[in-house]
Amino acid sequence: MKRSLTVVAASLLAVGSLAAAAFAGPTFDADGKIVVPEGRDRWPMVGATYALSYEGDGGVTINTVRMDPENYDAYVKTGKFPVGTMLDLEVRRPVEEVAPAKGGKTQGAAIGRSLHVKDEKGGPGTWTFYGYGAASKTGNPIPRSQACYSCHDEHAGKTDTVFMQFYPSLNEARELAAKATP
Ligand code: HEC
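On a predicted model such as this, the values are computed, not experimentally measured, just so you know. (Residues numbered from 1 in each chain as written. Predicted model: local features only at pLDDT ≥ 70, side-chain atom pairs only at ≥ 80, totals over all residues. Heavy atoms only, no water.)

**Focus: the packing of helix α2 (residues 69-78) against helix α4 (residues 168-180)**
The line we're drawing: For helices, the fitted line uses only the C-alpha atoms of the stretch in contact; every axis is such a line through C-alpha atoms, and the angle between N-to-C directions lies from 0 to 180 degrees. Only DSSP runs of H or I covering at least 4 residues are called helices, and only runs of E covering at least 2 are called strands; the numbering of each starts at the N terminus. With respect to orientation, any angle under 35 degrees is reported as roughly parallel, any angle over 145 as roughly antiparallel, any angle of 65 to 115 as roughly perpendicular, and every other angle as oblique. Any pair of residues with heavy atoms lying within 4.5 Å of one another is described as a contacting pair. Each residue gets one of three labels, nonpolar for Ala, Val, Leu, Ile, Met, Phe, Trp, Tyr, Cys and Pro, charged for Asp, Glu, Lys and Arg, and polar for the others, Gly among them.
Look at α2 against α4: their axes get within 6 Å of each other, and the N-to-C directions meet at 55 degrees. Classed by the angle they form, the pair α2 and α4 counts as oblique. Contact residues: α2 offers Y72, Y75, V76 and K77, while α4 offers L170, A173, R174 and A177. Across the contact of α2 with α4, the residue classes tally to six nonpolar, no polar and two charged.

**Digging into the sheet that holds strand β1 (residues 34-35)**
The test is simple: Two strands qualify as a pair provided DSSP detects at least 2 bridges between them.
Pairing is antiparallel across the open sheet formed by seven strands, whose spatial order is β1-β7-β6-β5-β4-β3-β2. The open sheet has two free edges, formed respectively by β1 and β2 (45-50), since each of these has just one partner strand. Of the strand pairs in this sheet, β2 and strand β3 (residues 62-67) are connected by five bridges, and their pairing is antiparallel. Across the sheet, Y50 pairs through a bridge with I62, a residue of β3.

**As for helix α3 (residues 147-156)**
Note the following rule: Accessible area is worked out with a 1.4 Å probe on protein chains only. A residue is then buried under 20% of its type maximum, exposed over 50%, and partly exposed in between. The arc in question is traced by the directions running from the helix axis to the C-beta atoms.
For α3, the complete set of buried residues consists of Y149, H152 and A156. Buried residues along α3 cover an arc of 85 degrees about the axis, so they all sit on one side. Buried-residue contacts for α3 involve β5 (105-117) and β6 (128-131).

**Overview of the pattern of salt bridges**
As a reminder of what qualifies: We define a salt bridge as a side-chain nitrogen of Lys or Arg found within 4 Å of a carboxyl oxygen belonging to Asp or Glu.
Tallying each qualifying case throughout the model produces eight salt bridges. Between E90 and R40 there is a salt bridge, with the nearest N and O atoms lying 3.7 Å from each other. Placement of the pair is E90 in strand β4 (residues 86-96) and R40 in the loop between β1 and β2, with a sequence separation of 50 residues. One salt bridge connects R92 with E90, and the closest N-O pair in it is separated by 3.0 Å.

**Observations regarding the packing of aromatic side chains**
Our working rule: Ring geometry is summarised as follows: Phe, Tyr and Trp rings, the Trp one being its six-membered ring, pair when their centres sit within 6.5 Å, and such pairs are stacked at plane angles under 30 degrees, edge-to-face over 60 and tilted between the two. Definition used: whenever NZ (Lys) or CZ (Arg) falls within 6 Å of the ring centre and also within 35 degrees of the ring normal, the charge is taken to sit over that ring.
With the rule as written, the count across this model stands at five aromatic pairs. Between F81 and W127, the aromatic rings sit 5.5 Å apart at their centres with planes inclined by 85 degrees, giving edge-to-face as the arrangement. Taken together, the residues span a long stretch of sequence, with F81 in the loop between α2 and β4 and W127 in the loop between β5 and β6 at a distance of 46 residues. With a relative accessible area of 5%, F81 lands in the buried category. Following the ring pairs from residue to residue traces out a cluster consisting of Y75, F81 and W127. Here the guanidinium or amino end of K121 rests over the ring plane of F28, the centre of that ring lying 3.5 Å away.

**Examining the pairing of strand β7 (residues 138-141)**
Bridging between β1 and β7 involves two bridges; their strand directions are antiparallel. Residue pairing for β7: V35 is matched across the bridge by T138. Sheet topology places β6 next to β7; two bridges connect them, and they run antiparallel. Each residue of the ladder has a partner; that of Y130, found in β7, is P141.

**Let's talk about the coordination of the iron atom of the ligand**
What counts here: Shown as donors are all N, O and S atoms within 2.8 Å of a metal ion, widened to 3.2 Å for Na, K and Ca; because water is not in the atom set, sites may appear incomplete.
What the protein offers the iron atom of the ligand as a donor is a single atom, H152 (NE2), at 2.2 Å. On the secondary structure map, H152 appears in helix α3.

The following block contains the structure:
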């Protein structure tokens, strides 16, 4: 009897860890902070920019944008961002001459991380920005009065406030999928 209970407990644990590994959409704590998704570093990269300057004197950075895999798959099929979509922006300082490089610039320390989430917290179809640090488990919602929202609305309003003009591989994947569908 005791033995079979141990077996049951062990298989429940296995189910629990499998569930934890699967993407479950954005989750929030009681204060409305977003739980920083664990597998973020394994999400498909949809954008890479160098020295893109748009916010005053932020200095030269290398930015990478990733998208959660489940909604990436949906987007390339439908061309629409499902509710729950999460995009992650990582901003790094460029570094030079890391051996054996004789020229060029590569990624150095991260100076900013944020998520853009279609969580509908501001009404149907709306997105919220969340900022988080390297070791943070949760991210703080950025107030809607901040310039994040107005710039994204003004220059990417036609594409769901996501800067699709800088994500060619995502556009190409969506177009390929549309052609493949009879
Ligand atoms: C003046 C315009 C502007 C402002 C202000 C701005 N952004 Fe962006 N944002 C961009 C551009 C351009 C990109 C394209 C990708 C890049 O930066 O490499 C982008 C991309 C992003 C992305 C990747 C997903 C997407 O929607 O394309 C996130 C996340 C993001 N910004 C967060 C923020 C946050 C958080 C703030 C406010 C603290 C902010 N942005 C303020 C212009 C802006």
